[in-house]
Amino acid sequence: MKRTRPTSLIGLGVLGVVIGFLAELAASGMGIAVFVPPLTLPITLVAVAIIVVAFAIPIRRAVRGRSSRRIDPFQAMRIVVFAKACSLSGALLTGAGIGILTYLLTRDVLPASNAVLLTALGTAGAIILLIAGLLAEFFCTLPPDNDDDPETARARSH
């Protein structure tokens, strides 16, 4: 599995900004209350971030040789996929949070400070999820192979 590319994260972030801003604009245009994330959103995002890093730490120890316990390759793959999903969804939610914040802060009449604070906390939780997903994905990467044959090592480096 390939590592998460920055272009994927940036693309999802931009998509989230557009969706978040346009959804708020459409809601207010139709007279519907704008979306304000609940307080449980950042708490949940941080909890998931902690869980994904906690799942990746035993893999990191085994890869580094600090643990004698054998790691199931299917379990490691599931953790990598979970980490990648966290980083991608974190990028999308970060963008959506920035889009909602942009909408809230560009109005002539500012909403209640509670709405801005909750949206900022939700965006911060999404950033933490994004970073934790990338960190867990890094923890699950294998070190480069040690080749005894210098010809093979030289051919791979070019």
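As a reminder, the structure under discussion sits directly above these lines.
In short, a report on the structure. (Residues numbered from 1 in each chain as written. Predicted model: local features only at pLDDT ≥ 70, side-chain atom pairs only at ≥ 80, totals over all residues. Heavy atoms only, no water.)

**Points about the packing of aromatic side chains**
Here comes step 1: As enumerated under the stated definition, the model contains 3 aromatic pairs in all.
Here comes step 2: Ring centres of Phe 21 and Tyr 103 lie 5.8 Å apart, and the angle between their planes is 70°; this geometry places the pair in the edge-to-face category. Pair noted here: Phe 21 is in helix H1 (residues 6–29) and Tyr 103 is in helix H3 (residues 73–105), with a separation of 82 residues, a long-range link.
Here comes step 3: Looking at Phe 21, the relative accessible area reads 25%, which means it is partly exposed.
Here comes step 4: The buried category is assigned to Tyr 103, whose relative accessible area is 5%. (Phe/Tyr/Trp six-rings, centres within 6.5 Å; stacked < 30°, edge-to-face > 60°. Helix = DSSP H or I, 4+ residues; strand = E, 2+ residues; numbered from the N terminus. Buried < 20%, exposed > 50% of the residue type's maximum accessible area, 1.4 Å probe, protein only.)

**Some remarks on the side chain of Glu 24**
Here comes step 1: Note that Glu 24 resides in helix H1.
Here comes step 2: Despite its burial, Glu 24 remains without a salt bridge, the nearest opposite charge being carried by Arg 107 at 8.6 Å.
Here comes step 3: Glu 24 has contacts with Val 34, Phe 35, Ile 100, Tyr 103 and Leu 104, leaving out every residue within four places of it along the chain. (Lys, Arg positive; Asp, Glu negative; His and termini not counted. Salt bridge = Lys/Arg side-chain N within 4 Å of Asp/Glu carboxyl O. Contact = heavy atoms within 4.5 Å.)

**Details of the nonpolar core**
Here comes step 1: The biggest cluster of nonpolar side chains holds 18 residues, and the ones touching the most others in it are Val 52, Ala 56, Ile 59 and Cys 140.
Here comes step 2: Mapped onto this core, the elements with two or more residues apiece are helix H2 (40–64), H3 and helix H4 (113–139).
Here comes step 3: In terms of residue count, the dominant contributor to this core is H2 (6 residues).
Here comes step 4: Among all residues touching Ala 56, those that are not within four sequence positions of it are Ile 79, Ala 136, Phe 139 and Cys 140. (Core = buried A, V, L, I, M, F, W, Y, C linked by side-chain atoms within 4.5 Å.)

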